[in-house]
Structure formats: C-alpha cells, structure tokens
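# Architecture and fold: a report
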Amino acid sequence: MKIVITDLDQDRTTEEEAVAEAAGVQLVLRQARTEDEVIAAAQGADGLLVQYAPISDRVLEALPTVRAIGRYGVGVDTIDLAAATAHGVAVSNVPDYGTEDVSDHAVALAVTLSRGIVELDRNLREGTYSLVPVKPLHRLSTRTVGVIGLGRIGAATARKARALGFSVQGCDPMRAAGTTTEDGIAVRTRDEVLSTSDVLSIHVPLTEGTRHLITTSTLARMRPGSLLVNTSRGGVVDTDAVVEALRSGHLGGAGLDVFETEPLPVDSPLRECPTAVLTPHASWYSEESETELKRRVIENVVEVLAGRTPRNILNPEVLGGAAG
C-alpha cells in the first residue's frame, strides 16, 4: 500500500514515517499545489495526506485507487467532500489537536490589541516614549468579548477570556439565544453579539454560509473602536471591508492569523494598517500540537486502509459505520 503526502510546509515527517513503517505502508512526500500536480504526484496511491492541495471530483476521478484522504487540520474546505463520498473515499481530519493552541492565540491577540502592545513596542523602537498614541486603553474587566462559534475552540477561547476578567458572550447556530453554555457563557443572537461586544473573536469553519460572514455591513454594526480577532479561516472575513474599517478608525484594531490569500501578499493593504496585528497562520502551532496532528492524520488513513473505522471521519457512510 502507498500513501502520498500531496503537500506539506512543515519541516519534518518523522511521525508520519514512524506510523507508516509500523503499518508496512510506503510513504511518499510530494509538493503538489494544483489539481494537475496532485494527479501526477498521486498515481497508484491508496491514501492521501493533504495540507492545502485541492482535491476535487476531477482529481478523484483521475485517482481511482485512492480509498482514504487525511487532512492536516480541522477544516476540509479544499476537499470536495460530496465528490469523495460519491467515489467511496473516506475523508478524515483532526478536529481537536489544536484546541488549546488556537484558543491561546486568539486570547493573546485580544489582549495584545486591548493593551496596545504592538503599537507601544513599535513606537518605543522608533523613539516615542509615550502612552498617548494608544489612548484610550481600558481595563479588561470593563470589556466584553463576543465569540462567534461556540465549538471546541470558541468555547475554549470564551473560558480563557473570562478567566482574564473579560465579560464573555457568544453565538452559535446550534445553540438557542437566551440560553447558557455548560461553561456558563451567555448565548445571544449574532446581531446582539456584534453590537454589544468590544472584542469579536471568530471561530467558525469556512463554508458557503460563512464565507464573508464579516463584511462592511456587519462591521458597521459593531461598536466604534471595537476589535476583531480571526483565527478561523481567512475567507470568513472580507479583507477589503476590514482594511476600510481600520483606516476609518471604526475598527480599533484587528488581530488576524488567517487571510483570504495565503501567504499574505506582499502588497496587501493590511500590512500598512498600524492597528492590525498579523501572524502567519501560526495559531495552531506548538510542538505538542504539531506532533499530535502529524501522528493522527496518518493513523486515520492507515485505519481505513486496514478496513477499520478511524477515530475521525467526516463521511462514515462510505465505510458503512458511524463517525468516530
């Protein structure tokens, strides 16, 4: 059996190699970024490990031996799940490997923006020893964090923000407004969260329903001077709208770890916004999360190839079982 890593920007494959060797599976690393490159790279493969490469119906049609696909991460927006199901290909992800890391990063961005850390650092290095450029700052306990999406990562972000003194509220299509989560987080409507939060943290997958969830109109409903944090998917946020809101001052700052185009283009106007804190899709990373991700993504695929149901599968019907 052969598993092809279609693409990977990490600096090692130690964990994948160990699992493959133990299972008696051949492992091949490629760097395919387009459909044609994937088709050429994965001929004869039984399984694929995918980071960013597009897996479309056309790709699957050209790779009839593929029986399992593992996604490095949570989101599977680059994989045509319906097409995979139609072709009888099991698709798995690793939905919980980075919960602590992403939520830590989201809270770190919220605090960094709330305290003006980056601006203070930049100004000091340029010779300005003053608080004036970042005034007014407010005590965290007087600020409200609104969390859009109360899944694993959103719920963890809410808990951690509350532990730092923020008031916290959230919204989620799976939870009724007016209720309270198991962790005691008040659930509001999305409009209520938008209009009454000082910091808005986004934690939703990228789907057709969430693409450009944050637009000029939604930003206009936010409080003047409020802050935006996005550690989910870049396409959830309309970049042009955020740039406009930052330039006008309506948005007091933005902490962005993900972007509509990655890597962030060198000519992106976000780079010229002094109140934007930008990180390179790094929120998922810690040594512990990387190790767990790399081990579990290949374990899921090996399980399918061995005729078993993996721990995480998004289309269990292709195996005739329930989700793990």
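Below or above, wherever it landed, is the structure these notes cover. (Residues numbered from 1 in each chain as written. Predicted model: local features only at pLDDT ≥ 70, side-chain atom pairs only at ≥ 80, totals over all residues. Heavy atoms only, no water.)

## Considerations on the packing of helix α5 (residues 99-114) against helix α7 (residues 152-163)
So the rule is basically this: Axes, fitted as lines to C-alpha atoms, cover a helix only where it is in contact. Angles between the N-to-C directions of the axes lie from 0 to 180 degrees. Helix numbers and strand numbers start at the N terminus; a helix is a DSSP run of H or I with at least 4 residues, a strand a run of E with at least 2. Between 65 and 115 degrees an angle is taken as roughly perpendicular, under 35 as roughly parallel, over 145 as roughly antiparallel, and anywhere else as oblique. Each helix crossing is assigned a hand: it is left-handed if the near helix lies turned anticlockwise from the far helix by less than a right angle, otherwise right-handed if that turn is clockwise. Any two residues whose heavy atoms approach within 4.5 Å at even a single point are treated as in contact. Each residue gets one of three labels, nonpolar for Ala, Val, Leu, Ile, Met, Phe, Trp, Tyr, Cys and Pro, charged for Asp, Glu, Lys and Arg, and polar for the others, Gly among them.
Between α5 and α7, the shortest axis-to-axis distance is 8 Å and the interhelical angle comes to 50°. Compared by their axis directions, α5 and α7 come out oblique. Considering how the two elements wind past one another, α5 and α7 form a crossing that is right-handed. Of the residues in α7, those touching α5 at Thr 99, Glu 100, Val 102, Ser 103, Asp 104, Ala 106 and Val 107 are Arg 152, Ile 153, Ala 156, Thr 157, Lys 160 and Ala 161. A class-by-class count of the residues in the contact of α5 with α7 yields six nonpolar, three polar and four charged.

## Concerning the side chain of Asn 123
Put simply, the test is: For every residue, the accessible area (1.4 Å probe, protein chains only) is compared with the maximum for its type, and the residue is labelled buried under 20%, exposed over 50%, or partly exposed between those bounds.
With respect to the helices, strands and loops of the structure, Asn 123 is situated in helix α6 (residues 117-125). Of the residues examined, Asn 123 reaches a relative accessible area of 16% and is grouped as buried. With sequence-adjacent residues up to four places away left out, Asn 123 is seen in contact with Thr 128 and Pro 133.

## Digging into unusual backbone geometry
In this model, Lys 135 is joined to Pro 136 through a cis peptide bond whose omega is 0°. For Pro 136, the position within the fold is in the loop between α6 and β6 (144-148). Residue Pro 263 follows Glu 262 across a cis peptide bond; omega there is -5°. By secondary structure assignment, the location of Pro 263 is in the loop between β11 (251-256) and β12 (276-278). In this model, His 212 sits at a positive phi of 55°, which is unusual for a non-glycine residue. By secondary structure assignment, the location of His 212 is in the loop between β9 (199-202) and α9 (216-220). In this structure, His 281 takes a positive phi of about 50° despite not being glycine.

## Things to note about the pattern of salt bridges
Defined as follows: Salt-bridge detection follows one rule: a side-chain nitrogen of Lys or Arg within 4 Å of a carboxyl oxygen of Asp or Glu.
Applying the stated criterion to the full structure yields 21 salt bridges. We note a salt bridge from Arg 12 to Glu 15, for which the minimum N-O separation is 2.9 Å. You can call Arg 12 partly exposed: its relative accessible area is 21%. The exposure class assigned to Glu 15 is buried, which follows from its relative accessible area of 15%. One salt bridge connects Arg 159 with Asp 183, and the closest N-O pair in it is separated by 3.1 Å. Of this pair, Arg 159 sits in helix α7 while Asp 183 sits in the loop between β7 (167-171) and β8 (186-187), and the two are 24 residues apart along the sequence. Among the residues examined, Arg 159 registers a relative accessible area of 34% and is labelled partly exposed. The exposure class of Asp 183 is partly exposed, given its relative accessible area of 29%. Within the structure, one salt-bridge network assembled from shared partners comprises Asp 96, Glu 292, Arg 296 and Arg 311.

## Re the nonpolar core
Across soluble globular proteins, you tend to see nonpolar side chains buried next to one another. Test applied: Buried Ala, Val, Leu, Ile, Met, Phe, Trp, Tyr and Cys residues form a nonpolar core when they are joined through side-chain atoms within 4.5 Å.
Among the nonpolar cores identified, the biggest contains 28 residues, and Ile 148, Leu 200, Leu 228, Val 242 and Leu 251 are the most heavily contacted of them. Counting residues per element, the ones that place at least two in this core are α8 (190-196), β9, α10 (239-248) and β11. Counting residues per element, this core draws most heavily on α10, which supplies five residues. In this view, Leu 228 contacts Leu 113, Leu 200, Ile 202, Ile 214, Val 237, Val 242, Leu 251, Gly 253, Ala 254 and Gly 255; residues no more than four positions away in its chain are not counted. Ranked by size, the runner-up nonpolar core spans 23 residues in total, among them Val 28, Val 38, Ile 55 and Val 66.

## Topic: the sheet that holds β7
Filter applied, for reference: Between any two strands, at least two bridges found by DSSP are needed for them to pair.
Pairing in this open sheet of seven strands is parallel, and the strands run β8-β7-β6-β9-β10-β11-β12 from one edge to the other. Unpaired on one side and paired on the other, β8 and β12 mark the two borders of the sheet. Along the sheet, α10 contacts β10 (226-230), β11 and β12; its crossing angle with β11, the most-contacted strand, is approximately 140°.

## Examining the pairing of β11
β11 sits mainly inside the fold: five of its six residues count as buried. Pairing geometry for β10 and β11, over five bridges, is parallel. Residue pairing across strands places Ser 226 opposite Leu 251, the latter belonging to β11. Judged from the three bridges that link them, β11 and β12 form a sheet pairing that is parallel. Its bridge partner being in β12, Leu 256 is matched across the sheet by Leu 278.

## Details of the packing of aromatic side chains
Counted only if it meets this: Only centres within 6.5 Å qualify two rings of Phe, Tyr or Trp (six-membered ring in Trp) as a pair; their planes then separate them into stacked at under 30 degrees, edge-to-face at over 60, and tilted for everything else.
A complete count under the given rule lists two aromatic pairs for this structure. Both rings, one in Tyr 97 and one in Trp 284, keep their centres 6.4 Å apart while their planes meet at 50°; by these two values the pair is tilted. One end of the pair, Tyr 97, is in the loop between β5 (90-92) and α5; the other, Trp 284, is in the loop between β12 and α11 (287-305), and 187 residues separate them in sequence. For Trp 284, a relative accessible area of 16% corresponds to the buried category.

## A word on the sheet that holds β5
Read across the open sheet, the five strands follow the order β2-β1-β3-β4-β5; overall the sheet is parallel. Whereas interior strands pair on both sides, the edge strands pair on one side only; in this sheet they are β2 (26-29) and β5. Each strand axis lies, on average, 15° off the axis of its neighbour in the sheet, ignoring direction. Pairing geometry for strand β1 (residues 2-5) and β2, over four bridges, is parallel. Pairing of Ile 3 across the sheet is with Leu 27, part of β2. α11 rests against β1, β2, β3 (47-50), β4 (68-71) and β5 of the sheet, and its axis sits at about 165° to β4.

By themselves, these figures tell us nothing about what the structure is for.
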